[in-house]
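# Results of the structural survey
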Amino acid sequence: MALAWGTMLIFGASHQLLPVLVEGKLNSDKLAYLTFGLMAIGIPFLIYGFYVFNVGAPLKIGATMINLGVLCYLLNVISTAFKNNQKNIHAWFAITATIWLLTTTFLGLLLVFNFQTPLLTNNSVYYLAVHAHLGIIGWFLLMVIGLGSRLIPMFLISKYTNNKILWLIFALLNFALISFLGFYLSGAPTYLYYIPNVMGVAAILLFGRHCYKAYKIRIRKNVDQQVTTSLISIVLMLIPFIILIVTIGAIPKAYINRMVMLYGFTIFFGWITAIILGMTFKTMPFIIWNKVYHSKAHKGRTPAPKEIFNNKVYKIMQLCYLGDLPSLSLASYYSIK
């Protein structure tokens, strides 16, 4: 889910969208192709290694290739940002998110080797919470907010922007992640985990406020289904944090595993999938049009980007997804005894 679905789609879209964020050109197409190749080969190795739970060659090859792919992506992001507009807050979201992703995958590589050769002070399972939150908060949440804070106003045709709020969101999310890592690795009391949770909720509320203000002064009055799905995903971002806060304060230990399953499900099948479903069908038609029809536009009429995909099918997909999400979330909770 994290690598083959979420990360690969973000990699593909962001190579096209990064120039929009930094207001310049992508530095290297070769690094983009190399990122794709390494990830596309490494992820199946990793999946196979976990499926048969072979902690030898398959997992090690897969983890190594994924790290090399992420490193190529990071080099491309940094070189593109600093070549064009390194002061752009959206570029810093992308850069920092990718650094956290490399931290996530490198820790994953260490955990793979730690199964057979003790490299860390504890067993690999102990570090899974660190590994998961580095990816969820550091990579997905930072990247989604960095991209969303630029794209949602753009698709609404809204001139609203507030870099001070975006820098505050950036600081809150990074401090939330760093404080969580510090508390977890030091064995801090449970009540201290409210601190990163509150900072995370505050960041999402501020992001929601940012998008709402862009919505209020939008020029395009009719909001299409894709942007609606993306706006719904902002609300879904809050649910995992609410689950964590409730789990810390009020859930008996017998139900902790169920809440952990629900927490993970609402992250990957909730807000990550919702923002991807919204943004994919908003950006992909433009990507396809630019690739196929841009050079032919002067020769006569070409289809508009919105005509390239079937909006009725999208509406059915949206209704199926949103209609089934509550029942599937409940099923994920009861799937653990």
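See the structure shown above.
Residues numbered from 1 in each chain as written. Predicted model: local features only at pLDDT ≥ 70, side-chain atom pairs only at ≥ 80, totals over all residues. Heavy atoms only, no water.

Here we come to the packing of aromatic side chains. For the structure shown, the criterion picks out 19 aromatic pairs. With centroids separated by 5.5 Å and ring planes inclined at 85°, the aromatic side chains of Trp167 and Phe170 adopt a geometry described as edge-to-face. In this pair, Trp167 and Phe170 are both assigned in helix H6 (residues 163-186), three residues apart and thus about one turn of the helix distant. Aromatic side chains Phe281 and Tyr314 sit 5.4 Å apart centroid to centroid with 65° between the ring planes, which places their arrangement in the edge-to-face category. (Phe/Tyr/Trp six-rings, centres within 6.5 Å; stacked < 30°, edge-to-face > 60°. Helix = DSSP H or I, 4+ residues; strand = E, 2+ residues; numbered from the N terminus.)

Before going further, it helps to spend a moment on the pattern of salt bridges. The full count for this structure, using the stated rule, is two salt bridges. Residue Lys282 is joined to Asp224 by a salt bridge in which the shortest nitrogen-to-oxygen separation is 2.4 Å. Of this pair, Lys282 sits in helix H9 (residues 256-292) while Asp224 sits in the loop between helix H7 (194-216) and helix H8 (225-250); the two residues are 58 residues apart in sequence, bridging distant segments of the chain. A relative accessible area of 8% places Lys282 in the buried class. Residue Asp224 is classed as partly exposed on the basis of its relative accessible area, which comes to 22%. (Salt bridge = Lys/Arg side-chain N within 4 Å of Asp/Glu carboxyl O. Buried < 20%, exposed > 50% of the residue type's maximum accessible area, 1.4 Å probe, protein only.)

Moving on, we come to the packing of helix H4 (residues 89-114) against H6. Closest axis-to-axis distance for the H4/H6 pair is 10 Å, and the angle between their directions is 15°. When the interaxial angle is binned, H4 and H6 end up roughly parallel. The element H4 and its partner H6 pack so that their crossing is left-handed. Between H4, through Ile89, His90, Trp92, Phe93, Thr96 and Trp100, and H6, the contact on the second element is made entirely by Asn163, Leu166, Trp167, Ile169, Phe170, Asn174, Leu177, Ile178 and Leu181. Looking at the contact of H4 with H6 residue by residue, the classes come out as eleven nonpolar, four polar and no charged. (Axes fitted to C-alpha atoms, helices over the stretch in contact; angles between N-to-C directions. Parallel < 35°, antiparallel > 145°, perpendicular 65-115°, else oblique. Left-handed = near helix turned anticlockwise from the far one by under 90°. Contact = heavy atoms within 4.5 Å. Nonpolar A, V, L, I, M, F, W, Y, C, P; charged D, E, K, R; others polar.)

Notably, Phe53 is not glycine yet its phi reads approximately 45°, a positive angle. Along the chain, Phe53 falls in the loop between helix H2 (29-51) and helix H3 (57-84). Positive phi outside glycine occurs at Ile157, with the angle close to 55°. For Ile157, the position within the fold is in the loop between helix H5 (128-155) and H6. Overall, Ile157 belongs to the partly exposed group, its relative accessible area being 36%.

All right, on to the packing of helix H1 (residues 2-22) against H9 then. Two numbers describe how H1 lies on H9: the axes approach to 10 Å, and their chain directions differ by 35°. Considering how the two elements wind past one another, H1 and H9 form a crossing that is left-handed. Facing Ala2, Trp5, Gly6, Leu9, Gln16 and Leu17 of H1, the residues of H9 in contact are Phe268, Thr273, Ile276, Leu277, Thr280, Thr283 and Ile287. Classifying every residue of the contact of H1 with H9 by side-chain character gives eight nonpolar, five polar and no charged.

What follows deals with the side chain of Thr280. Following the sequence through the fold, Thr280 ends up in helix H9. In this structure Thr280 comes out as buried when scored by relative accessible area, which is 16%. Within polar-contact distance, the side chain of Thr280 engages the backbone oxygen of Ile276 at 2.6 Å. Non-local contacts of Thr280, meaning those with residues more than four positions away in its chain, are made with Leu9 and Pro285. (Polar contact = N/O pair within 3.5 Å; in protein donor to acceptor, adjacent residues only side chain to side chain.)

Moving on: the environment of Phe106. Tracing the backbone through its elements, the reader meets Phe106 in helix H4. You can call Phe106 partly exposed: its relative accessible area is 46%. Considering only alpha carbons, one finds Phe106 and Leu147, 41 residues apart in sequence, at a separation of 24 Å.

Owing to its 3.6 residues per turn, the α-helix brings residues three or four apart onto one side. Compared with the 30 Å implied by 1.5 Å per residue over 21 residues, the 26 Å span of H1 between its first and last C-alpha is markedly short. At His15, H1 shows its largest bend, some 45°, and a proline, Pro19, comes one to four positions later. For H1, the set of buried residues is Gly6, Thr7, Ile10, Phe11, Ser14, His15, Leu17, Leu18, Pro19, Leu21 and Val22. Buried residues belonging to H1 abut H2, H3, H4, H5 and H9. Just beyond H1, the residue with positive phi is Glu23, at close to 60°. (Expected span 1.5 Å × (residues − 1). Bend = angle between axes of the 7 residues up to and from the residue.)

Attention now moves to a nonpolar patch on the surface. On the surface, a nonpolar cluster with roughly 280 Å² of combined accessible area is contributed by Met284, Ile288, Val292 and Ile308. Along the chain, Ile288 falls in helix H9. Given a relative accessible area of 36%, Ile288 falls into the partly exposed group. (Patch = residues over 30% accessible without salt bridge, like charges linked within 9 Å, V, L, I, M, F, W, Y side chains within 5 Å. Areas by Shrake-Rupley, 256 points an atom, 1.4 Å probe, with all protein chains shown as cover.)

To continue, consider H6. A rise of 1.5 Å per residue sets the reference length of H6, with its 24 residues, at 34 Å; its end C-alpha atoms lie 34 Å apart and thus fit the reference within 8%. Phi for Gly187, located one or two positions after H6, is positive at around 70°.

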